Amino acid sequence: MKKNSFSFHVDLDAFTPASQEDKAYMVQMRPSSTFFKDGVKRLLKNKVATVSFIIVVFITLCALFIPMIYPYSYDQMLGVEPGKPVDASYNNLAPFEYGLTEQDKMEAGEKVFPHIFGTDEQGRDYFIRIVYGTRISLTVGFFASIIVLIIGMTIGAISGYCGGVVDLIIQRIVDIIYSLPDMLMVILLSAVLSEAIKDAIEGTVLAKIGTNIISLFVVFALLYWVSMARLIRGQILSLREQEYVLSARATGAKAGWIIRKHLIPNSISVVIISTALQIPSAIFTESYLSFLGLGVNAPMPSLGSLASAALNGLSSYPYRLVIPAIVISLIVLSLNLFGDGLRDAFDPKLNV
Amino acid sequence: MNTKTLFYILKRLLLAIVTVWVVITVTFFVTRAVPGGPFMSEKALTAEAQAALEAKYGLDKPVGEQYVTYLKDIVTEFDFGPSLKQRGRTVTEVIMDGMGVSIKLGLIAAFSALAIGIVLGSIAALRRNKFIDKVIMVITTAFVSMPSFIMGSLLLVIFAIKLAILPANGEADGGLFLPVVTLALYPMAYITRLTRSSMLDVLGQDYIRTAKAKGVSGLKIIFGHALKNSLIPVITYFGPMLAYIVTGSLVVEKIFAVPGIGRAFVNSITGRDYPLIMGTTIVLAVLIVIMNLVSDILYKVVDPRITLE
């Protein structure tokens, strides 16, 4: 029968019961994927990001566990034993060389753990100093990012929620801090703060961490929260105006529900990503300051201070500079690449 | 130029002035927070000598008055007071001494970074996804993630010590070559990536297709249409580039022993020469703020398509 397209007759075919085939078509073949699962899948597809992540995890695990099983400690001068004259044969050993007493021991048949990267000019095992330096650098990067996250999130949220005069004042402060030359301010503040807080923390637990590291954290807390605050404020302002928030409000959702179910899940990925990207920049700042002599207090090593110390004996022991240099570059590069991968995988606004 | 642009420039100018004032104020009060004050020295002084010193430098006056005097001296006479460790010289003299070589170093680095970066970026964009593009991108990624002090030290090891073909000391003949390369590599890599992405963006525009359809030759399209517009984002990088070169020059001048303002700054930090720290911070900060201001304004003025907030 020829169908008249202008006919008002109901097409009866549309009302026949569904066949088995039709029903099978509607069956859910697999559970629906969540946002998180989607993101992880996209992240794993990104080979560069996956490799970077593996490198970061590997370095972190090394920095955590090697000091526990390694026979030497980072501040142990191998040539110095109580009650004996200093054995200078331990100073400036090349990789896989041994000090005099160690050679005697080996001839006697004992096993001596090798100095993989040799020792430094005070007879300290260089490999464990590198591992410790990595540990310090990673710790500083991680905690500095957490500090930035907490302060930035609080101020950004206040600025975004309150609006009005509060927002205006906070934004002008953000503008000014943003246009300050950050590195110069960091150098100035850490140069001065470490002197100023020396007496204040004398004898407390904080003194062990060292004045320079504390002033570094203070500097981060003072200066680096601005971009995080801007980001959070922007997120809150734009999310507040979204249609789904409007519809939730129209159906009678309370503020707490909207924050829990809409605002936090939608902004969390952006926050995590920018925190992740903050870590390499903090590590970079720490090593830069250590290089200028404003980093961790001796004998504690950090990658920057190791590189800086290596400059003095550069012509004889260039590997002492090259090793920390490679480790810093590797950490910063792989954290950056992993952060980029995270952003590509988890920022739904970038999905094409 | 319309009133909106003028208003924007005024707003940015005001922000720059406030920023400079904040820098000076923070510097002043932060160094006053050091126990013993900025003129503290290692040697134990007698009470009279201490009092005489304080009277000489005006430290016996209330902090508010000191601050006003300090601010007035800087603004009207460019006077930062005497240096602590370099006896008989003022901070201004020390800064002026180092300024010449530092400006030379910075300018050569900035211009070579711009020239090489733009050329490499254009090549990468025009040969997109070809072998040469991939090589350029891999190399620039490596340069971007390497801190300047690492780069400088590695160059020093390779070219001055292992190969011994270039001088390690910045004061020798041709001694500025390695410092310039160290300073220029990061901005060069950054500009390359910036030019590449903006060039790719421009090449996809309608007016390029129109020019192609009208039969304009390839070279003419690149130099007449594409390059000009793809350089606009590069302008925004002028400010950050200068900030990078300034902070980078601190370590580079330390590594290569260049007698510039950066080395004076680093030495003043290790020697706790507070007046010099304050003076150098303020001078460098003003430099960076001005450059940021110029590049921001230039960016808005150059491209009429950009709307002002």
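Before any of the text, the structure's been laid out above.
Residues numbered from 1 in each chain as written. Chains lettered and ligands numbered in written order. Predicted model: local features only at pLDDT ≥ 70, side-chain atom pairs only at ≥ 80, totals over all residues. Heavy atoms only, no water.

## Some points on the overall build of chain A
Across its full length, chain A carries 14 helices and zero strands. Listing each helix as α and each strand as β along chain A from the N terminus yields α-α-α-α-α-α-α-α-α-α-α-α-α-α. Taken over the C-alpha trace, chain A has a radius of gyration of 29 Å; the compact-globule value for 352 residues is 20 Å, which it surpasses by more than 25%. Across its three principal directions, the C-alpha atoms of chain A cover 110 × 55 × 35 Å. When contacts within chain A are restricted to residue pairs at least 6 apart in sequence, long-range pairs at least 24 apart make up 73% of them. Carbon and sulfur atoms form 66% of the exposed surface of chain A, whose accessible area is close to 19600 Å². Where the 28 positive side-chain charges of chain A centre and where its 28 negative ones centre are 13 Å apart. (Helix = DSSP H or I, 4+ residues; strand = E, 2+ residues; numbered from the N terminus. Rg over C-alpha atoms; globule rule 2.2 N^0.38 Å. Contact = heavy atoms within 4.5 Å. Areas by Shrake-Rupley, 256 points an atom, 1.4 Å probe, with all protein chains shown as cover. Lys, Arg positive; Asp, Glu negative; His and termini not counted. Charge placed at Lys NZ, Arg CZ, Asp CG, Glu CD.)

## Digging into the nonpolar core
Counting 135 residues, the largest nonpolar core has Ile187 and Leu223 of chain A together with Phe149 of chain B as its most contacted members. In this view, Ile187 of chain A contacts Tyr288, Leu289, Leu292 and Leu294 of chain A together with Leu250, Phe265 and Ile269 of chain B; residues no more than four positions away in its chain are not counted. (Core = buried A, V, L, I, M, F, W, Y, C linked by side-chain atoms within 4.5 Å. Buried < 20%, exposed > 50% of the residue type's maximum accessible area, 1.4 Å probe, protein only.)

## Concerning the packing of aromatic side chains
Centre distance and the angle of the planes are the two values used to describe a pair of aromatic rings. Residues and elements named next belong to chain A. For the structure on display, the rule yields 16 aromatic pairs over all chains. Taking 4.6 Å as the distance between ring centres and 25° as the angle between the ring planes, the aromatic pair formed by Phe220 and Tyr224 counts as stacked. The residues Phe220 and Tyr224 share a single accessibility class, namely buried. Every member of this aromatic cluster is reached through a ring pair, and the members are Tyr70, Tyr72, Phe117 and Phe127. Above the face of the Tyr126 ring, Arg320 is positioned so that its terminal group lies 5.9 Å from the ring centre. Above the face of the Tyr317 ring, Arg320 is positioned so that its terminal group lies 4.1 Å from the ring centre. (Phe/Tyr/Trp six-rings, centres within 6.5 Å; stacked < 30°, edge-to-face > 60°. Lys NZ or Arg CZ within 6 Å of the ring centre and 35° of its normal.)

## Here we look at the interface of chain B and chain A
Facing 42 residues of chain B, the contacting portion of chain A comprises 36 residues. Of the roughly 3400 Å² buried where chain B meets chain A, counting both sides, 83% is carbon and sulfur surface. Looking only at chain B, the three residues that lose the most surface to chain A are Ser145, Phe149 and Ile269 of chain B, adding up to 15% of its buried area. At the junction of chain B with chain A, the criterion picks out zero salt bridges. (Buried area = accessible area lost by both parts, 1.4 Å probe. Salt bridge = Lys/Arg side-chain N within 4 Å of Asp/Glu carboxyl O.)

## A few points about the packing of helix α8 (residues 206-213) of chain B against helix α9 (residues 218-230) of chain B
Residue and element names in this part refer to chain B. Interhelical geometry of α8 versus α9 gives an angle of 180° and a closest axis separation of 11 Å. In terms of axis orientation, α8 runs roughly antiparallel to α9. Two secondary-structure elements touch here, α8 through Tyr207, Ile208, Ala211 and Lys212 and α9 through Ile221, His225, Ala226 and Asn229. Taken together, the residues of the contact of α8 with α9 break down into five nonpolar, two polar and one charged. (Axes fitted to C-alpha atoms, helices over the stretch in contact; angles between N-to-C directions. Parallel < 35°, antiparallel > 145°, perpendicular 65-115°, else oblique. Nonpolar A, V, L, I, M, F, W, Y, C, P; charged D, E, K, R; others polar.)

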